[in-house]
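# Chains, contacts and geometry: an overview
So the chains spell out like this:
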Amino acid sequence: MNTALTIAGSDSGGGAGIQADLKTFAANGVFGMSVITAVTAQNTMEVRSVQDIHLSIIKDQIDAVFEDIPVDAVKIGMLSSTATVALIAENMKKYKPFHIVLDPVMVSKGGSHLLQKEAIEALIEKLIPLASIVTPNIPEAEVLTGQVIEGEEDMIAASKQIVGLGAKAVLLKGGHLQGEPNDLFYDSETTLWIKGKRIETKNTHGTGCTLSSAIAANLAKGMSLEEAIHRGKQYITTAIQYSLSLGSGHGPANHFYELYKNAGYLGMESEVSNR
Ligand SMILES: Nc1ncnc2c1ncn2[C@@H]1O[C@H](COP(=O)(O)OP(=O)(O)OP(=O)(O)O)[C@@H](O)[C@H]1O
Ligand SMILES: Cc1ncc(CO)c(N)n1
């Protein structure tokens, strides 16, 4: 069985972070493992509080996994502090996983900082150069490049700049711009638009976590980077299409549609989509 490891924060509400990552891994048929970097008290509306996990426990989780179990791909999400960024970079250099999908999580939908401002430099210097692919949304790409991104031309310029920081490739997500949610893949040889159709819903909690984890799962299964991204985009689109109206804020993406479909359990569309 192929395996994937998420290194990220816990979302008590179950829609983003580690919880979204593990659901995505399962729905995409890979065995999921986790290294928890921070615990957030969070729901569909807000992040109430955050506790960073002690560095020695983060390190122990990494060693426990890598010393015993093969890891086909790593997804990195919320890292919270400069020290955690440095620790993860050090250990990625040590264990050299085949694929690292880096989602440079910075701020929650409600505006809470999931990466401290002073940790951004460390993320750029230490982790971006180790990534097989970096998957920023528009605001994250603006922070990484120091440029305002207002349209497709700006997205092309920003993605080049991010590859210039040492990433092998970038998937710049266009969901935060007006119009269709088209994402841009760039790897210094190829510039490719991964086109989407906007689904009218407020239930988009954890969509970035889900997409990066789906890409990691697909890489773990041996797909090329481009195929992993195309299939990942299909996965997140379905997960948003059937997203769940749970809670009063941004409800979560739906992993069960794809999971049940893969298991050959049909006829559950109305059950899951109408909640
Ligand atoms: N309403 C929508 N309909 C269809 N696709 C969408 C929609 N919103 C976002 N997407 C797509 O979902 C994927 C995730 O992008 P998004 O920009 O939402 O990530 P994000 O901001 O990092 O998410 P989060 O931080 O909430 O986890 C991208 O492929 C994006 O184009
Ligand atoms: C733990 C966690 N990671 C990532 C995000 C970004 O969606 C979030 N809201 N919470």
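All values derive from a computational prediction rather than experimental measurement.

Close to ligand 2 lie Gly 9, Ser 10, Ala 16, Gly 17, Gln 42, Met 78, Val 105, Leu 114, His 205 and Cys 209. Gln 42 is positioned such that a nitrogen or oxygen atom in its side chain is 2.8 Å from a nitrogen atom of ligand 2. Protein coverage of the free-state accessible area of ligand 2, which is 280 Å², stands at 90%.

Here the focus is the layout of surface pockets. If you add up the space inside the second largest pocket, you get close to 170 Å³. Broken down by element, the residue count for the lining of the second largest pocket peaks at four residues, all from helix 8 (residues 225-241). Within the lining of the second largest pocket, the residues separate by chemical class into three nonpolar, five polar and four charged.

What follows deals with the environment of Asn 137. By the element assignment, Asn 137 lies in the loop between strand 6 (133-134) and helix 5 (138-145). For Asn 137, a relative accessible area of 13% corresponds to the buried category. In sequence terms Asn 137 and Met 106 are 31 residues apart; their C-alpha atoms lie 9.8 Å from each other. Asn 137 has contacts with Leu 172, Lys 173 and His 176, leaving out every residue within four places of it along the chain. In this structure the side chain of Asn 137 is engaged in a polar contact, spanning 3.5 Å, whose partner is the side chain of His 176.

Turning our eyes to something else, we now look at the site of ligand 1. Lining the immediate environment of ligand 1, one finds 19 residues, of which Lys 109, Lys 173, His 176, Asp 183 and Thr 207 sit closest. Taking His 176, its side chain carries an N or O atom lying 2.6 Å from an oxygen atom of ligand 1. A distance of 2.8 Å separates an oxygen atom of ligand 1 from a polar atom in the side chain of Thr 207. Within the complex, the protein chains bury 92% of what would otherwise be the 630 Å² of accessible surface of ligand 1. Those elements that provide at least two residues to the shell around ligand 1 are helix 7 (207-220) and helix 8. Broken down by element, the shell around ligand 1 gets its largest block of residues, four residues, from helix 7. A class-by-class count of the residues in the shell around ligand 1 yields six nonpolar, seven polar and six charged.

The biggest cluster of nonpolar side chains holds 45 residues, and the ones touching the most others in it are Leu 5, Ile 7, Ile 76, Leu 79, Ile 88, Leu 123 and Leu 127. No other element matches the six residues that helix 3 (residues 82-95) contributes to this core. In contact with Leu 5, other than residues within four places in its own chain, are Phe 25, Met 33, Ser 34, Val 35, Val 65, Phe 66, Val 71, Ala 73, Val 74 and Lys 75. In terms of nonpolar packing, the next biggest core, distinct from the first, is built from 23 residues, Ile 133, Leu 171, Ala 216 and Ala 228 among them.

A separate point is the UniProt feature "domain: Pyridoxamine kinase/Phosphomethylpyrimidine kinase" (unreviewed entry) in the protein chain. Taken from the UniProt record, the annotation "domain: Pyridoxamine kinase/Phosphomethylpyrimidine kinase" (unreviewed entry) applies to residues 11-254. Annotated as 40% helix and 16% strand, the span residues 11-254 places its first and last C-alpha atoms 16 Å apart.

The next thing to look at is the packing of aromatic side chains. This model, assessed by the stated rule, comprises two aromatic pairs. Where Phe 66 meets Tyr 95, the ring centres are 4.6 Å apart and the plane angle is 10 degrees; that geometry is what we call stacked. Of this pair, Phe 66 sits in helix 2 (residues 55-66) while Tyr 95 sits in helix 3; the two residues are 29 residues apart in sequence, bridging distant segments of the chain.

Rules used in this analysis
- Residues numbered from 1 in each chain as written.
- Chains lettered and ligands numbered in written order.
- Predicted model: local features only at pLDDT ≥ 70, side-chain atom pairs only at ≥ 80, totals over all residues.
- Heavy atoms only, no water.
- Near = heavy atom within 4 Å.
- Polar contact = N/O pair within 3.5 Å; in protein donor to acceptor, adjacent residues only side chain to side chain.
- Areas by Shrake-Rupley, 256 points an atom, 1.4 Å probe, with all protein chains shown as cover.
- 1 Å grid on protein atoms, 1.4 Å probe; cavity = no way out; pocket = protein on both sides within 12 Å on 5 of 7 lines; lining within 4 Å.
- Points joined across faces, edges and corners; volume = space filled by probe spheres on them.
- Helix = DSSP H or I, 4+ residues; strand = E, 2+ residues; numbered from the N terminus.
- Nonpolar A, V, L, I, M, F, W, Y, C, P; charged D, E, K, R; others polar.
- Buried < 20%, exposed > 50% of the residue type's maximum accessible area, 1.4 Å probe, protein only.
- Contact = heavy atoms within 4.5 Å.
- Core = buried A, V, L, I, M, F, W, Y, C linked by side-chain atoms within 4.5 Å.
- UniProt positions renumbered as here; feature names shortened; annotations may be inferred.
- Phe/Tyr/Trp six-rings, centres within 6.5 Å; stacked < 30°, edge-to-face > 60°.

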